[in-house]
Amino acid sequence: MPRSGEPGRPWLGPLLVALAALLPYLPVLGGTFLYDDVDFLKSGLLAAPWREAWTRLPQSRGLAYLTLSWDAWSSGFHPAACHATNLLLHLLASLAALSAGKALLRRLGHPGAESAALAGALLYACHPLLSGAVGYVVQRSEVMAALFAF
């Protein structure tokens, strides 16, 4: 079987990473808010989501507040919408991990850059430690930090 980096199948690696990022976490879409999600969301975002987000933008979780405000505006903070946004961000971070891994390993002259990057991205995509960041709405900032770091 040809490796994902060989010509003719450039889509195989990203497809595998996307499936690894989505399939284990699909159950979160039917879940509810967890732990202090409700307290966090009610602390200002539900009352005045855009105003609260703009005032917090310069702070450490400002961009996460903006995306939570989008969820508030578009869905009324329905848990499925908030979890779907987290899942989408995790998918993007997993694909970014693949891309960053390939670029770094190629630059270092690693002979198996494609396979090693794919292995690393697959590990990142479905690692159980990320379940908190994907399923716990307040942890959106961690998923976003990983996305922007990659």
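To be clear, the structure that these remarks concern was listed above.
Quick summary incoming for the structure in this document. These numbers were taken from a predicted model, which means no experiment stands behind them. (Residues numbered from 1 in each chain as written. Predicted model: local features only at pLDDT ≥ 70, side-chain atom pairs only at ≥ 80, totals over all residues. Heavy atoms only, no water.)

A few words on the packing of helix 4 (residues 62-75) against helix 8 (residues 140-149). Running from amino to carboxyl end, helix 4 crosses helix 8 at an angle of 120°, the nearest separation of the two axes being 9 Å. In terms of their interaxial angle, helix 4 and helix 8 are classed as oblique. In the packing of helix 4 onto helix 8, the handedness of the crossing is right-handed. Every residue of helix 8 that contacts helix 4 at Leu63, Ala64, Thr67, Leu68 and Asp71 is listed here: Arg140, Ser141, Met144 and Phe148. (Axes fitted to C-alpha atoms, helices over the stretch in contact; angles between N-to-C directions. Helix = DSSP H or I, 4+ residues; strand = E, 2+ residues; numbered from the N terminus. Parallel < 35°, antiparallel > 145°, perpendicular 65-115°, else oblique. Left-handed = near helix turned anticlockwise from the far one by under 90°. Contact = heavy atoms within 4.5 Å.)

Two packed helices can be described by the angle between their axes and the distance between those axes. Running from N to C, helix 1 (residues 12-22) and helix 5 (residues 79-107) cross one another at 145°; their axes reach a closest spacing of 9 Å. Handedness of the crossing formed by helix 1 with helix 5: right-handed. Here Gly13, Pro14, Val17, Ala18, Ala21 and Leu22 of helix 1 come into contact with helix 5, specifically with Leu87, His90, Leu91, Ser94, Leu95 and Leu98. Residues of the contact of helix 1 with helix 5, tallied by class, amount to 9 nonpolar, 3 polar and no charged. (Nonpolar A, V, L, I, M, F, W, Y, C, P; charged D, E, K, R; others polar.)

Further remarks concern the packing of aromatic side chains. Ring pairs (aromatic) are described by centroid distance and by the angle formed between their planes. By the definition in use, this model includes 2 aromatic pairs. On the basis of an interplanar angle of 85° and a centroid distance of 5.4 Å, the ring pair of Tyr35 and Tyr136 is categorised as edge-to-face. Highlighted residues: Tyr35 in the loop between helix 1 and helix 2 (37-42) and Tyr136 in the loop between helix 7 (131-135) and helix 8, separated in sequence by 101 residues. The class for Tyr35 is exposed, based on a relative accessible area of 73%. Residues Tyr124 and Phe150 carry aromatic rings whose centres are separated by 5.2 Å and whose planes lie at 85° to one another, so their mutual orientation is edge-to-face. Here Phe150 lies in the segment after helix 8 and Tyr124 lies in helix 6 (residues 113-126), a separation of 26 residues in the sequence. (Phe/Tyr/Trp six-rings, centres within 6.5 Å; stacked < 30°, edge-to-face > 60°. Buried < 20%, exposed > 50% of the residue type's maximum accessible area, 1.4 Å probe, protein only.)

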